[in-house]
Amino acid sequence: MLRKIRISLAAVFWLLITWLLVDFTGTAHVYLGWMARIQLMPALLAMNVGVLIFLLALTLLWGRIYCSVICPLGVMQDIISWFRRKKFKYVYTPARTTLRYAMVLFTGAALVLNLGWLAGLVLPYSTYGRITGAITAPLYKLANNALAQLAEHYDSYAVYEVDVWLKSVSALVIALIVWGIIAVLAWRGGRTWCNTVCPVGTLLGLVSRYAWYRPSIDKSRCNACGLCERSCKAGCINSKEHSIDLSRCVMCGDCMEACRKEALTLSTEKAPFKPVTNRNPENGYKGRNAGKPRPAEEKAAPRNNKPKVAAQPKDNVVAASPKPETAEAPRHNPRRRKPKAATAESSVADPGRRAVLASTAFLAGAAVLRAQHKPKTTDGGYAPIISKKAPQRQHRITPPGSVSLRNLQSHCTACQLCVDACPNDVLRPSSSLSTFMQPEVSFERGYCRPECNRCSEVCPTGAIKPITIEERTATQVGHAVWVKELCIPAKEGKPCGNCSRRCPSGAIQLVPASDKYRKNEHGRWIGPDGKQMDGRLVPMIPVVNVEKCTGCGACENLCPVGPQSAIYVEGHDVHREI
Amino acid sequence: MKQINRRDFLKISGTAATGSALAGCGVKQESAEKLDPAGQHTTELPKGKMTYRTHPHNGDKVSILGYGWMRLPRKKDPNNPNQDMIDQEEVNRLCNKAFEYGVNYFDTSPAYCQGKSEESLGIALEQSGRSRDSYYIATKLSNFSPTQWSLEAGQQMFENSLKYLKTDYIDYLLLHSIGGGGLDNLRKRYLDNGLLAWLMEQRAAGRIRNLGFSFHGDVKVYDYMLEHHDEYKWDFVQIQLNYIDWHDNDKGRDGEYLYNELVKRNIPAVIMEPLLGGRLSKVPDHVVAHLKSRKPEDSVASWAFRYAGTPENILTVLSGMTYMEHLEDNIRTYSPLVPLTEEEARWLDGETANLIESYPTIPCNDCKYCMPCPYALDIPAILLHYNKCVNQGNVPESQQAENYQKARRAFLVGYDRSVPRLRQANRCISCRECVSHCPQNIDIPRELQRIDRFVEKLKQDKW
C-alpha cells in the first residue's frame with residue numbers, strides 16, 4: 001500500500017515536473033513552478049528558507065522520500081531499472097563513504113568558485129533538466145507542432161507552432177553522455193548514482209538516518225531469506241546482519257512488499273531525536289557492524305511482540321552509523337560565497353579583440369547576402385531569408401533579472417528551465433567554459449521582448465531573480481553597438497532606419513548618413529544634387545543613446561543586414577536600472 | 001383525400017421555389033432546376049449555355065468568362081522543399097474543364113507567376129488538343145523594370161511570349177498596366193523607344209490580332225491613350241471594374257468613368273479584378289447574410305461577376321480561378337449570364353459597397369506585383385491576414401473589446417501561421433521599392449508599419 005502510494009505520487013510528480021521543464025507556453029510554471037522551487041539545491045541556492053525547513057522536516061519524518069518522489073532524476077532511474085524485468089536483481093553493497101563526501105566537497109567547492117555549472121553536472125535536478133531540455137523538449141515540440149498543424153486545419157488557435165532547433169551541441173552531447181551513464185548505473189544497480197555521486201542524496205542521508213519513520217527488520221519474523229536485500233535498489237539492506245543503511249535508503253517500500261514474512265515494516269523504533277552514532281554507545285547502537293543476529297533471542301521472542309519492540313528497539317532495529325565528522329557538512333554552506341577573484345574576469349577588455357572584431361565585421365560586410373540586386377522583372381516569389389550569425393560579443397549578455405554575470409555564474413546549476421521556457425528563442429546554453437550550459441542571450445532568432453519576464457519567473461535558484469515587467473523594461477543588460485561598415489544607409493546610401501523604428505525604448509535616433517543631405521529653411525530635405533527630395537528616401541544612420549538602451553536586441557534581430565547585423569548588443573557584466 | 005407521395009411533394013415545392021425565384025428576379029429565363037426527376041438535389045453544371053459577346057470590330061465571339069492565368073494552383077517543389085511551383089496537372093484539369101463549358105479567352109503575362117505563367121498556359125492549351133482558332137490568347141508586354149525599356153528587350157519579350165505559348169500570333173496583346181509611374185513611365189516604356197510603333201506593325205502583319213492596354217493608376221495616362229485613339233486604334237482596353245469601385249473619388253479607379261470613356265469611343269472593355277482578388281467573396285459574415293438574403297442559393301461571388309458582366313460593352317470578365325470550385329461557380333453564374341436589373345446594380349454599388357467599405361480592410365487583391373520584396377517580406381500574406389482578421393472581427397479596437405483575448409490570440413497565432421516570422425511586417429525597412437508596383441496604389445510601407453504597430457500593441461498588451 002505504502003509502496004503504491006509512493007509510486008503514484010512519484011509518477012504524478014515526475015510527469016508534471018517533466019511537463020514544467022518542456023513547456024514553452026508559460027502555462028505550466030503558473031501552476032507547477034513550485035515543483036522546481038522545492039528541489040533541494042535550487043532552494044538552497046535561492047535561500048528559500050521555507051522550502052529548506054519543509055524538506056528538513058520531511059526527511060526527519062520519512063527519510064529520503066524526497067529521492068523517491070520529488071527528485072525527477074531519482075524517479076527516472078526507477079523507471080529505467082523497472083524496464084529490466086527481473087525481480088530481485090540487487091545485492092547489498094557497502095557504502096562508498098569517501099566518494100560520497102568527496103562529491104559533496106566537490107559541489108561545494110565548485111559553487112564557492114562561482115562555477116555553478118560544474119556543480120550542476122552532479123546535481124540531480126539540473127541534470128534531469130538538461131537531459132529533458134536536450135532530448136525530451138525537442139520531441140515535445142515536434143509533437144506540439146503536429147498538433148498545431150491539426151489545429152490549423154480545423155481553424156483552431158488553441159495550439160501554435162514553434163521552432164525546433166539545436167540550441168547547443170555540447171549541451172546535447174553532455175546530456176546524452178550523462179543520461180547514458182545514469183541509465184547503465186540504474187539498469188545494473190538501481191540507485192547507485194544517488195548513493196555514490198549525488199551530493200543531494202548524501203546531504204539528505206545525513207538527516208534521513210534520524211528519520212522518525214523508517215523501515216525496520218523484525219528479527220523475530222525474519223527468516224533471513226534475503227529477498228529484501230535483493231529487492232533493494234539502494235543496495236542498503238544487509239540481510240545477513242539485519243541492518244539497513246538509512247543514509248542510503250530512499251524509502252521506496254520495495255523491501256516491505258518483497259518480504260513474505262512481514263518482517264519488514266515502517267516503524268518509528270529508535271532512540272528518538274538522539275544522534276545514533278558511535279559517540280553514544282550507552283544506548284547500545286554500535287553501527288552497522290554491531291547488529292549481529294542473536295538467534296537465541298530471536299527465537300525466544302514471542303510472535304506478537306510489537307509492544308516489546310517498542311521497548312527494545314536496539315535489538316531489532318539497526319541503523320547505520322554516520323561518521324561523526326561528517327555531521328558538520330550541512331553547515332558548510334557554499335551558497336553565498338562570492339570571491340572577489342572571479343569578478344574581474346570578463347571586464348578585462350582586450351584592445352586587440354576590438355580590432356579583430358571590426359575587421360571581421362568589415363569582411364563579412366563585403367559578403368553580405370542581403371537582397372536580390374537583380375532588378376525585379378516578374379511578379380511573385382520570395383527573396384531568400386538570410387539567417388543571422390551571432391556577433392563576437394566581448395561581453396556576454398545575461399537575461400534581465402540575473403543582476404550580474406557573477407550572480408548567474410554562482411547560482412545557476414544549468415537546469416535549462418529558462419532556456420526551454422523562453423518564448424522568443426533568445427536563451428540557449430552557453431558553450432563558454434566559465435558559464436558552461438548556463439543560459440546565454442543571443443538574438444539570431446528573436447529578441448528579448450519588452451512584455452516578457454518568463455525566465456525570471458521560472459528560475460528556481462535565484463540565478464535569475466523574479467522581476468516585474470516594469471522592472472524588466474527598466475533593466476539595462478547591455479547596449480547597442482553600430483557597425484558602420486555593414487549599415488545599408490551608410491554603405492549604399494539607401495534609407496532604412498529599421499533599428500530606430502523597432503527600438504522599444506526609443507534609444508535609437510536617426511541622423512543623415514552624410515552632410516550632403518540637409519534640410520532647407522522650410523524644413524524640406526535637400527539631396528546631394530541640391531534638389532528637394534522625399535524625406536522618406538534620405539539615408540539615415542542610427543545613433544544610440546546608450547543611457548536609454550536596455551540591450552533587448554530588437555535592433556540586432558530586426559536589422560535587415562545578414563548574416564552579421566549592422567547593429568548588435570554588447571552585454572554588461574553588472575545590470576543597471578535606467 | 002388526394003394522396004401525394006414524396007416525389008410529388010418535392011416536385012411541387014421545387015416548382016414553387018423556381019416560381020418564386022422567377023418572381024423574385026423577374027429576369028431569369030432559364031429555370032434553375034435544382035432537383036432531378038428522382039428528387040435528388042443536383043449541382044450539375046449547365047453545359048453549352050455560356051454567354052458570348054461579339055467583338056464589334058472583328059466579330060470574335062468571346063466567352064463572357066475569361067480565364068486569368070495568374071492565380072494558378074501551386075504545389076511544393078519536389079526538388080526544393082522551401083519553394084512551391086505551379087501544379088501543372090491541376091492547371092490542365094482546370095483548362096480542360098473551362099474548355100468543356102465554353103470558356104475561350106485566356107489571359108496571361110510574361111510577369112505572372114514568377115515568369116512561369118505563359119509557359120504553363122502553352123502546355124495547358126497544347127494538351128487540350130483544341131484547334132488554335134477555337135480560343136483566344138491574351139498576353140502582355142510587361143516591361144516594368146528599367147532594364148527592359150529598350151526596343152530590343154520589348155521585341156524579345158514578345159518573341160518569347162510566342163515561343164512559350166507555342167503559337168505564331170497573339171489574339172489580344174496589351175501594354176501591361178500603364179498608369180503606374182505616370183506619363184513619364186509610359187513614354188519610357190512604349191513611346192520613346194518606338195516599341196508601340198513596332199507593335200502596331202506587328203498588328204498590321206497579323207502577328208497581333210488585337211492591340212490594347214491594361215490600366216491602373218494615374219488617370220492622365222488613361223486619358224492620354226484614349227485621346228490618341230485615332231492614332232493607335234485600340235482594339236480593346238482592360239480596366240478594373242467591380243461594385244466597390246464603380247464610384248471612386250480617384251478617377252483612375254472610378255469604374256463608371258473608365259467604362260464610359262470606352263463606350264464613347266466604341267472600344268470593347270475587358271474587365272479585370274471583378275472580385276478584387278477574392279475581397280468581394282471573403283466578406284464579413286453579415287455581408288454574406290446581406291447578399292444571401294436576396295438570393296440564398298447564389299454564391300457571394302456570383303453577385304460580383306454578374307455586376308461585372310452586365311454592361312453591354314464588355315467583351316469578357318477575367319477571373320483567376322485557382323480551384324475547381326471557383327471555376328464551376330463562375331460557369332454557373334455565366335451559363336447564361338442573368339444581367340442585373342438597374343435596381344440590383346444600384347443595390348450593389350450603393351448599399352452593399354458601403355457596407356463592405358465600412359470595414360477598414362486594405363485594398364490588396366493578392367496580385368503579387370509587389371513581390372518579391374528585396375527584404376524577403378511576404379507583403380500580400382501580411383495584408384491578407386490583416387484583412388481576414390478585420391472581416392472576422394479579430395482586430396480589437398481596445399483592450400476593453402468584448403472578445404479581446406480571443407481576438408488577440410486569433411490575430412497573433414494566425415499571423416505566425418500565415419506569414420513566417422522572418423517575413424513579417426517588422427522586417428519592412430520602408431525602402432519603398434514595392435510602392436510603384438502596386439496597381440491598387442496602396443502605400444505598402446505605411447500599411448505595414450501600421451500593422452506592425454498594431455501587432456506590437458497586441459503583443460505588449462499596451463494600449
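Residues numbered from 1 in each chain as written. Chains lettered and ligands numbered in written order. Predicted model: local features only at pLDDT ≥ 70, side-chain atom pairs only at ≥ 80, totals over all residues. Heavy atoms only, no water.

**What to know about the overall build of chain A**
Helix and strand counts for chain A come out as 25 helices and 13 strands. Residues counted as buried form 54% of the 578 residues belonging to chain A. Look at the contacts in chain A between residues 6 or more apart in sequence, and 76% of them connect residues 24 or more apart. Working note: accessible area of chain A is about 26,300 Å², and carbon and sulfur atoms make up 61% of it. (Helix = DSSP H or I, 4+ residues; strand = E, 2+ residues; numbered from the N terminus. Buried < 20%, exposed > 50% of the residue type's maximum accessible area, 1.4 Å probe, protein only. Contact = heavy atoms within 4.5 Å. Areas by Shrake-Rupley, 256 points an atom, 1.4 Å probe, with all protein chains shown as cover.)

**Things to note about the packing of aromatic side chains**
Going through the model one piece at a time under the given rule, you end up with 32 aromatic pairs over all chains. Centroid distance W117(A) to F436(A): 5.1 Å. Interplanar angle 80°. Geometry classified as edge-to-face. Of this pair, W117(A) sits in helix α8 (residues 116-120) while F436(A) sits in the loop between β5 (427-429) and β6 (439-441), and the two are 319 residues apart along the sequence. Taken individually, W117(A) and F436(A) each receive the classification buried, so the pair is uniform in this respect. Here F144(B) and Y369(B) contribute two aromatic rings whose centre-to-centre distance is 6.3 Å and whose plane-to-plane angle is 50°, an arrangement assigned as tilted. One end of the pair, F144(B), is in the loop between β7 (136-141) and α5 (151-165); the other, Y369(B), is in the loop between α14 (342-357) and α15 (379-391), and 225 residues separate them in sequence. Pairwise contacts between aromatic rings join Y67(B), W69(B), F99(B), F106(B) and Y135(B) into one cluster. The residue whose ring lies beneath R187(B) is Y224(B), and the NZ or CZ to ring-centre distance is 5.9 Å. Residue placement shows K251(B) over the ring face of Y257(B); its charged tip is 4.5 Å from the ring centre. (Phe/Tyr/Trp six-rings, centres within 6.5 Å; stacked < 30°, edge-to-face > 60°. Lys NZ or Arg CZ within 6 Å of the ring centre and 35° of its normal.)

**So, the pattern of salt bridges**
By the definition in use, this model includes 47 salt bridges over all chains. Across the pair R221(A) and E262(A) runs a salt bridge, and its minimum N-O distance is 3.6 Å. One end of the pair, R221(A), is in the loop between β1 (214-217) and α13 (227-231); the other, E262(A), is in the loop between α14 (254-258) and β4 (264-267), and 41 residues separate them in sequence. Look at R221(A) and you get partly exposed, because its relative accessible area is 26%. Judged by relative accessible area, E262(A) falls into the exposed class, the value being 56%. Note that R93(B) is salt-bridged to E90(B), the shortest N-O span being 3.0 Å. Placement of both R93(B) and E90(B) in helix α2 (residues 88-100) is noted, with a separation of 3 residues, approximately one turn of the helix. (Salt bridge = Lys/Arg side-chain N within 4 Å of Asp/Glu carboxyl O.)

**What about the domain arrangement of chain A?**
The assigned domain composition of chain A is domain 1 (2-88 + 95-206), domain 2 (212-329) and domain 3 (352-367 + 386-394 + 477-578). Here domain 1 of chain A and domain 3 of chain A have C-alpha centroids that lie 44 Å from each other. (Domains from an automatic or database assignment.)

**What to know about helix α13 (residues 324-333) of chain B**
Because an α-helix packs 3.6 residues into every turn, residues spaced three or four apart end up facing the same way. Within α13(B), the full set of buried residues consists of M324(B), L327(B), D329(B), N330(B), I331(B) and T333(B). Tucked into the core, α13(B) has its buried residues touching β3 (65-68), α2, α12 (300-309) and β12 (314-319) of chain B.

**Re the pairing of strand β7 (residues 475-482) of chain A**
Residues and elements named next belong to chain A. For β7, the buried fraction is high: 6 of the 8 residues fall into the buried class. Sheet topology places β7 next to strand β13 (residues 567-577); 7 bridges connect them, and they run antiparallel. Its bridge partner lying in β13, G478 is registered against G571. (Pairing = 2+ DSSP bridges.)

**Considerations on the confidence of the model for chain A**
Looking at chain A as a whole, the pLDDT averages 83, with 82% of positions reaching at least 70. Mean pLDDT in chain A bottoms out at helix α16 (residues 306-311) of chain A, which sits at 42, and peaks at helix α25 (residues 554-558) of chain A, which reaches 96. (pLDDT = per-residue confidence, 0-100.)

**Topic: the sheet that holds strand β9 (residues 518-519) of chain A**
Residues and elements named next belong to chain A. Taken in spatial order, the 3 strands line up as β9-β10-β11 in an open sheet, and their pairing is antiparallel. In this open sheet, the two edge strands, each paired with only one partner strand, are β9 and β11 (532-533). By the bridge criterion, 2 bridges tie strand β10 (residues 525-526) to β11 in an arrangement that is antiparallel. Looking at β11, one finds that W525 is bridged to M533.

**Some words on a positive patch on the surface**
Residues and elements named next belong to chain A. A surface patch of positive charge is lined by K86, K87, R230 and R260. If you trace the backbone, R260 turns up in the loop between α14 and β4. The exposure class of R260 is exposed, given its relative accessible area of 64%. (Patch = residues over 30% accessible without salt bridge, like charges linked within 9 Å, V, L, I, M, F, W, Y side chains within 5 Å. Lys, Arg positive; Asp, Glu negative; His and termini not counted. Charge placed at Lys NZ, Arg CZ, Asp CG, Glu CD.)

**Side note on the packing of helix α6 (residues 182-191) of chain B against helix α8 (residues 219-227) of chain B**
Residues and elements named next belong to chain B. In contact at an axis separation of 8 Å, α6 and α8 are set at 50° when each is read in the N-to-C sense. Regarding the angle of α6 to α8, the classification is oblique. Between α6 and α8 lies a crossing of right-handed hand. Contact residues: α6 offers G182, L183, L186, R187 and L191, while α8 offers K220, V221, Y224 and M225. Residue composition of the contact of α6 with α8, grouped by class: 6 nonpolar, 1 polar and 2 charged. (Axes fitted to C-alpha atoms, helices over the stretch in contact; angles between N-to-C directions. Parallel < 35°, antiparallel > 145°, perpendicular 65-115°, else oblique. Left-handed = near helix turned anticlockwise from the far one by under 90°. Nonpolar A, V, L, I, M, F, W, Y, C, P; charged D, E, K, R; others polar.)

**Topic: the environment of A401(B)**
Counting through the fold element by element, A401(B) comes out in the loop between α15 and α16 (404-418). Put simply, A401(B) and C431(B) are 30 residues apart on the chain and 35 Å apart in space, counted from C-alpha to C-alpha.

**Side note on the interface of chain A and chain B**
Residue-level contacts link 39 residues of chain A with 46 residues of chain B. Carbon and sulfur atoms supply 49% of the area that chain A and chain B bury against each other, a total of about 3,800 Å² over both sides. Per-residue buried area on chain A facing chain B is highest for Y157(A), K376(A) and D379(A); these three make up 20% of the total on that side. Scanning the region where chain A abuts chain B turns up 3 salt bridges. Counting every contact that joins chain A to chain B gives 19 residue pairs in polar contact (both at pLDDT 80 or more). Those elements giving two or more residues to the side of chain A that touches chain B turn out to be α9 (124-153), α24 (498-502) and α25 of chain A. (Buried area = accessible area lost by both parts, 1.4 Å probe. Polar contact = N/O pair within 3.5 Å; in protein donor to acceptor, adjacent residues only side chain to side chain.)

**Concerning the sheet that holds strand β8 (residues 170-178) of chain B**
All names here are of chain B. The 8 strands lie next to each other as β3-β6-β7-β8-β9-β10-β11-β12, forming a closed barrel whose pairing is parallel. Across the sheet, the mean angle from the axis of one strand to that of its neighbour is 25°, orientation sign disregarded. Bridge count between strand β9 (residues 208-215) and strand β10 (residues 236-240): 3 bridges; the pairing is parallel. Paired with G212 across the two strands is F236, which belongs to β10. Relative to β8, α6 is tilted by about 145°, and along the sheet it contacts β7 and β8.

**A short note on the nonpolar core**
Residues and elements named next belong to chain B. Formed by 94 residues in total, the largest nonpolar core has its most connected members in F106, F213, Y222, W234 and Y243. Top contributing element to this core by residue count: α12, with 7 residues. If sequence neighbours within four positions are ignored, Y222 has contacts with F213, F215, V237, I239, Y257, L258, E261 and L262. (Core = buried A, V, L, I, M, F, W, Y, C linked by side-chain atoms within 4.5 Å.)

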